Amino acid sequence: GITQRREPFRRLFNQGRIRASGVVDEVDPTSAHRGPRVLAEDYLEQYGADAMRLHLLFLGPPQDHAEWNEEGLRGCARFLQRTHEMILHRHGKGRFVSRNVLVAKHRLVRRVSRAIRNFRLNKAISAFMEFVKLLRGENLSIEEVDRQTLKTFVVLLAPFAPHMAHELWQEIGETSSLDHEPWPDHSEELLEPSEVSLAVLVNEKIVDRITVDLGAS
């Protein structure tokens, strides 16, 4: 190499640019003028820093260019509001954790961990939204979401929406520092399917489907 010192980084990562809405032509990267600017301070007071952060991460892979969309920002703000309401609604009322919720929690841990490791943070936001939708659904009783599930969710949310996560951490009665909580683990064994659906064919036509336990001999 040019120097005897080792490179401080493993690889170079170039981030994409966020273009103002309606700017469709690619701007010359060597030009001093790169089109209309989007100023974060114009939106922080109305929507908050957490919603802004989620929106920026949810726009897509960070290496890609993206177009600013205020409707997406409003959507992230609504998601945080629904998340806050869900946590307060379920806090202190769960008596156990159903298998459906347990599997969903472990799947959430795996998806968020992988998204962070692969630097695809938009996929983590999608995982949060799906999990909150499950916990807000009418098919889940108030008793089958336990305290540990809520704690795990808040720990995972903290790097993405730290202000709300710290507030929720106190709301669910935790007195320890959220920043010092260990990162949750997931069970691959729990996430492996226990059943598989098989098609029954007669004369090359599907006439039925049966469910088979993978552990059956």
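Further up the page is the structure itself.
My aim in this report is to walk through the structure given alongside it, one point at a time.

The rules behind these values
- Residues numbered from 1 in each chain as written.
- Predicted model: local features only at pLDDT ≥ 70, side-chain atom pairs only at ≥ 80, totals over all residues.
- Heavy atoms only, no water.
- Core = buried A, V, L, I, M, F, W, Y, C linked by side-chain atoms within 4.5 Å.
- Buried < 20%, exposed > 50% of the residue type's maximum accessible area, 1.4 Å probe, protein only.
- Helix = DSSP H or I, 4+ residues; strand = E, 2+ residues; numbered from the N terminus.
- Contact = heavy atoms within 4.5 Å.
- 1 Å grid on protein atoms, 1.4 Å probe; cavity = no way out; pocket = protein on both sides within 12 Å on 5 of 7 lines; lining within 4 Å.
- Points joined across faces, edges and corners; volume = space filled by probe spheres on them.
- Nonpolar A, V, L, I, M, F, W, Y, C, P; charged D, E, K, R; others polar.
- Arc of directions from axis to C-beta.

The next point concerns the nonpolar core. Formed by 43 residues in total, the largest nonpolar core has its most connected members in Leu 108, Val 112, Phe 128, Phe 153, Val 154 and Phe 160. Mapped by element, the contributors of at least two residues to this core are helix 1 (41–47), helix 2 (49–58), helix 3 (70–90), helix 4 (99–117), helix 5 (121–136), helix 6 (147–157) and helix 7 (162–171). Those residues within four positions of Phe 153 in sequence are excluded, and the remaining contacts are Thr 83, Ile 87, Leu 108, Phe 128, Phe 131 and Val 132.

Next up on the list: the layout of surface pockets. Considered as a void within the structure, the largest pocket measures approximately 280 Å³ in volume. Lining the largest pocket are 15 residues, with Gln 15, Leu 56, Gly 60, Pro 61 and Pro 62 sitting closest to its centre. Its residues placed into classes, the lining of the largest pocket shows 9 nonpolar, 4 polar and 2 charged. In this model, the second largest pocket occupies a volume close to 190 Å³.

Next up on the list: helix 7. Of all the positions in helix 7, only Met 164, Ala 165, Leu 168 and Trp 169 are classed as buried. Along the long axis of helix 7, the arc covered by the buried residues comes to 140°, so they all point the same way. The outward face of helix 7, more than 90 degrees from its buried face, is lined by the exposed residues His 163 and Gln 170. On the buried face of helix 7, the contacting elements are helix 2, helix 3 and helix 6.

Just geometry here; none of it tells us what the structure is for.
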